[in-house]
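Breakdown of the fold
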Amino acid sequence: MKSLAELKAIKDKMQNQVGVRIENECGTRIVVGMATCGIAAGARPVLNAFVNGVADKKLENITVTQTGCIGLCQYEPIVEIHEPGKEKVTYAKMTAEKAMEVVEQHLVRGQVVKEYLIDIK
Amino acid sequence: MMTEISLNILDIAQNSVRAGAKLIKIGVCADRKKDKLTVIIEDNGSGMTKEQLESVADPFFTTRTTRKVGLGVSFYKLAAENTGGTFRIDSESGKGTTVEAVFGLSHIDRMPLGDITATIHSLIILNQDIDFIYTYQFDEKSFTVDTREFSAVLGDVPFDTPEVSKFIHDYLSENKTEVDGGIIL
């Protein structure tokens, strides 16, 4: 059973590491739409996939955050990637599997996954 | 349409987040003797006016401007009432809001609780400026997580640090199994 003592050990380990990650404004932000429309369309597993993907790949300076409804409910789950100095990239109709691919292709290799981009007709 | 009660909980709790709550209490209680599943979400956010409270379950009422419908509360209320349960919102402007939904536990139309651990984990790591108290009860057994205890241990190490995030997930998941013995609600 996990205990708070174990959490203390994690904290101590983190503090001993050089360059503990500090939340900063100039990092990459992954923004997942988490209003009723997003959640109903499957945003929660998409969010989890990004959180786990970023952790598994040990990607630094990336934060996963949420936003409300941006009025494009039919395209949910929508994910925006904001990278400093670059145009915002918007992915639509995401799934956990597609999220893993975006982590691998976009966040690790820097290649936008074109087939998942939002296509407003 | 939501397919899990835990997705409704995530959705309703987002209203508390947007209401500027500093503390959100979430209680999930399954009682097999009473055949009830009770979910309470309580916040100390901005609350609602009497007029807003009267129209909150109306699908064509919303305060937002990006679209004309507000389905979250309507979905949730219907989901509870369809199982012979009840639904109640108490709110006071400036004080906060409490949403209580009671489901018939064994009712055929009750949607599964679903991945409640993922819901609570997402809420905790996405809203680090908000304190959460989460209680999960199954018959006589229960456990409570108070994120202020995590904050006290962690100091300025953020909840979304991979190791910490994983700890919180496993903490929620292991305690849940301890309480319900792995029974899927």
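Here, every reference points to the structure presented above.
**Topic: the interface of chain B and chain A**
- If you look at the interface, chain B gives 34 residues, while chain A gives 30 residues.
- Elements represented by at least two residues in the side of chain B that touches chain A include exactly α1 (5-18), α4 (116-126), α5 (147-154) and α6 (162-180) of chain B.
- Sorting elements by how many residues they give to the side of chain B that touches chain A places α6(B) first, with 9 residues.
- Residues that form the side of chain B that touches chain A fall into these classes: 16 nonpolar, 8 polar and 10 charged.

**Topic: the pairing of strand β3 (residues 79-82) of chain A**
All names here are of chain A.
- In β3, alternate side chains face the same way, and those of V79 and I81 are buried while those of E80 and H82 on the opposite face are not.
- Pairing analysis gives 4 bridges linking strand β1 (residues 28-33) to β3, with the strands arranged antiparallel. Bridging from a neighbouring strand, R29 pairs with H82 of β3.
- Bridging between β3 and strand β4 (residues 89-91) involves 3 bridges; their strand directions are antiparallel. When the bridges of β4 are listed, V79 appears paired with Y91.
- With antiparallel pairing between neighbouring strands as the criterion, β3 and β4 make up a hairpin whose turn holds 6 residues, including G85 at a positive phi of roughly 80°.

Conventions we followed
- Residues numbered from 1 in each chain as written.
- Chains lettered and ligands numbered in written order.
- Predicted model: local features only at pLDDT ≥ 70, side-chain atom pairs only at ≥ 80, totals over all residues.
- Contact = placed C-beta atoms within 7 Å.
- Helix = DSSP H or I, 4+ residues; strand = E, 2+ residues; numbered from the N terminus.
- Nonpolar A, V, L, I, M, F, W, Y, C, P; charged D, E, K, R; others polar.
- Buried ≥ 20, exposed ≤ 12 C-beta atoms within 10 Å, placed from the backbone.
- Pairing = 2+ DSSP bridges.

Note that all results are geometric; they support no functional claim without further evidence.
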